[in-house]
Amino acid sequence: MTTTAIETPHIDGAPAPSVWGARLRGVARVVLGTVLIVVPVFLFSTLITFLLGATSGLNPAAGIAGDAATPEAIARIDAEFGLDKPVWSQYLDWMSGVLTGDLGVSWFNKIPVSELIEQRLAVSASIAGLALLIGLVAGVSLGLLAAVYRGSLFDRAVTAYTSVVSTLPPFVISIGLILVFSVWLGWLPSAGYVPLEEDPDRWLMLVIMPAVALSMDVVADVARQLRTGMVAELEQDYIVGAVVRGISPRRILLVHALRNGAGPALAILGMKIPTLIGGAVVMETMFSMPGFGRLAADSALRGDVPIVQGALVVAIVFVLVCNVVVNITQGMLQPAAKRRE
């Protein structure tokens, strides 16, 4: 019977030094590997982002000076925004600004892009952040309970729920929520946004429906993957050994089995983060919220390239940071899984 996956405690219950050493070495390897991947991905993604704007053929002169603009006026506007330089020089100037937090200025209202994004980012962060929280709490809870009561009616209900919800786009769920909670029951407003610091209750009432609609797919995937991973772990020999040794069922479930069985759920969570950002754009449109996504979409329609580029950079950074956190978390869990090999 293999029981080496259970940590060897000191008298005071703390993990042995060898356990901490293995865990720290595993985390260090993951951090180094993640950095070696994230930095090239960031540079490549920002290069593509810049080239999309540089090769789009859009120019602020037509919008600022009008159709009757003289060649002198166009040259002056190009020089003002640095568009008279070679593309490689424009990229270096833009990239140096990105690395210092300067995303340029809007072509049409001359307001710094970082300021415009900061004004709108709280709306998107509210929707995506609350959706992620709901997805984690509900997904982990359903996955754990389905694994513990595997084969039961509850387990089959969770499986049916995850299968159905995975096929429904967020905008379909949001329409249903609006019909039920806004039109029929009149409990929640269907449009608008109020900052959290201004009115927390009103903020929650306005954000909860788009967040719930956006979180359903996360809940379904996290629950399904966690249930699969936990069922496999609960059938391992080291779990039987832990039971024989008299370790409490709660500790076996939440410490040993969850640590080793959460890998698939964490992996799918990292893949879902970009969809939360994209879904937030749709939710902002459906619920008439002045968010980051609507700013990027409206700027794209107007041809305001610096805002679109800045929005893409912020989205890239957010996705990379979240994936770094997921990878590091997996690295912290990985040594426990390897110790039983």
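All figures in this text were calculated on a predicted structure; none of them were measured in a lab.

So, how was this worked out
- Throughout, a residue's number is its position along its own chain's written sequence, starting from 1.
- The model is predicted, so local features are restricted to residues of pLDDT at least 70 and side-chain atom pairs to those at 80 or more, both for listing and for counting; the totals for chains, interfaces and linings are taken over all residues.
- Side-chain calculation: all heavy atoms of the structure are included, whereas hydrogens and water are not.
- Only DSSP runs of H or I covering at least 4 residues are called helices, and only runs of E covering at least 2 are called strands; the numbering of each starts at the N terminus.
- Buried residues are those whose accessible area, probed at 1.4 Å on protein chains only, stays under 20% of the maximum for their type, while exposed residues exceed 50% and partly exposed ones sit between those limits.
- Contacts are residue-level and defined by heavy atoms, with any inter-residue pair within 4.5 Å sufficient.
- Residue exposure ignores everything except the shown protein chains as possible cover, and the areas themselves are Shrake-Rupley values with a 1.4 Å probe.
- Nine residue types can take part in a nonpolar core, namely buried Ala, Val, Leu, Ile, Met, Phe, Trp, Tyr and Cys, and a core is a set of them joined through side-chain atoms within 4.5 Å.
- Between rings of Phe, Tyr and Trp, where Trp is taken as its six-membered ring, a pair exists when centres lie within 6.5 Å; planes separated by under 30 degrees are stacked, by over 60 edge-to-face, and by other angles tilted.
- Salt bridge, as applied in this entry: a Lys or Arg side-chain nitrogen positioned within 4 Å of an Asp or Glu carboxyl oxygen.
- For helices, the fitted line uses only the C-alpha atoms of the stretch in contact; every axis is such a line through C-alpha atoms, and the angle between N-to-C directions lies from 0 to 180 degrees.
- If an angle is under 35 degrees, it is roughly parallel; if it is over 145, roughly antiparallel; if it lies from 65 to 115, roughly perpendicular; otherwise it is oblique.
- Residues qualify for a patch when their relative accessible area is over 30% and they have no salt bridge, like charges being joined within 9 Å and the nonpolar side chains of Val, Leu, Ile, Met, Phe, Trp and Tyr within 5 Å.
- Under this rule, positive means Lys or Arg and negative means Asp or Glu; His and the chain ends count for nothing.
- Each charge is placed at NZ for Lys, CZ for Arg, CG for Asp and CD for Glu.
- Take the far helix as the reference: if the near one is turned anticlockwise from it by less than a right angle, the crossing is left-handed, and if turned clockwise, right-handed.

> Could you clarify how one ought to interpret the overall build of the chain in this entry?
From N to C terminus, the chain includes 13 helices and zero strands. In the chain, the order of α-helices and β-strands from amino to carboxyl end is α-α-α-α-α-α-α-α-α-α-α-α-α. Going through the 341 residues of the chain one by one, you find that 41% of them count as buried. Contacts spanning at least 24 positions in sequence make up 76% of the contacts within the chain whose residues lie at least 6 apart. Surface summary for the chain: the accessible area is close to 17,600 Å², and the carbon and sulfur share equals 68%.

> Can you walk me through the nonpolar core in this structure?
Residues V207, L214, M230 and M289 are the most contacted members of the largest nonpolar core, which totals 46 residues. Elements represented by at least two residues in this core include exactly α5 (113–148), α7 (170–184), α8 (200–234), α9 (237–244), α10 (249–261) and α11 (263–286). When near neighbours in sequence (up to four residues on either side) are disregarded, M230 contacts L144, A147, L253, A257, L258 and G261. With 18 residues, the next largest nonpolar core counts W94, L116, F292 and I316 among its residues.

> Is there a simple way to think about the packing of aromatic side chains in this case?
Remark: the centre distance and the inter-plane angle together describe each pair of aromatic rings, the angle taken between the planes. Counted under the stated rule, the structure contains four aromatic pairs. When the ring of F50 is compared with that of W94, the centres are 5.6 Å apart and the planes differ by 35 degrees; the resulting orientation is tilted. Placement of the pair is F50 in helix α1 (residues 17–54) and W94 in helix α4 (residues 87–99), with a sequence separation of 44 residues. Taking the centre distance of 6.4 Å and the plane angle of 40 degrees together, the rings of Y91 and W94 count as tilted. Within this pair, Y91 and its partner W94 are both found in helix α4, separated by three residues, close to a single helical turn.

> What is the right way to read the environment of F108 from this model?
Structurally, F108 can be placed in the loop between α4 and α5. Given the relative accessible area of 29%, F108 is considered partly exposed. Residues F108 and S299, 191 residues apart in the sequence, show an inter-C-alpha distance of 9.9 Å.

> What's the story with the side chain of S174 in this structure? I'm lost.
Locating S174 in the fold gives a position in helix α7. Residue contacts for S174: discarding those within four places in its chain leaves A213, M283, M286 and F287.

> In this structure, what is going on with the pattern of salt bridges? I would like to understand it.
Pairs may arise between side chains of opposite charge once their charged atoms sit close together. The full count for this structure, using the stated rule, is six salt bridges. Between R302 and D304 there is a salt bridge, with its nearest N and O atoms 3.4 Å apart. Looking at R302, the relative accessible area reads 46%, which means it is partly exposed. With a relative accessible area of 0%, D304 lands in the buried category. Where salt bridges share partners, they join D217, D221, R224 and K272 into one cluster.

> So what exactly am I meant to see when it comes to the packing of α5 against helix α12 (residues 292–302) here?
When two helices pack together, their arrangement is captured by the angle between the axes and the distance separating the axes. Remark: α5 packs on α12, axes separated minimally by 6 Å, with the N-to-C direction vectors making an angle of 130 degrees. Comparing their axes, α12 and α5 come out oblique. Across the interface between the two elements, L116, I117, R120, L121 and S124 of α5 pack against F292, G293, R294 and L295 of α12.

> Explanation requested: a negative patch on the surface in the structure shown.
Among the surface-exposed residues, E197, E198, D199 and D201 lie close enough to one another that they form a single negatively charged patch. Tracing the backbone through its elements, the reader meets E198 in the loop between α7 and α8.

> What should I look at first to understand a nonpolar patch on the surface in this one?
A surface patch of nonpolar side chains, about 1,100 Å² in accessible area, is lined by V164, L168, F171, V172, I175, L179, V183, W184, L185, W187 and V282. No other element matches the six residues that α7 contributes to the nonpolar patch. Looking at the secondary structure, you find I175 in helix α7. Taking the relative accessible area as the measure of exposure, I175 reaches 40% and is therefore partly exposed.

> Honestly, the packing of α5 against α11 in this entry has me stumped. Any pointers?
Remark: α5 packs on α11, axes separated minimally by 9 Å, with the N-to-C direction vectors making an angle of 135 degrees. It follows from the interaxial angle that α5 and α11 lie oblique. Both α5 and α11 take part in a crossing whose hand is right-handed. Residues S124, I127, A128, A131, L132 and L136 of α5 pack against L269, L276, M283 and E284 of α11.

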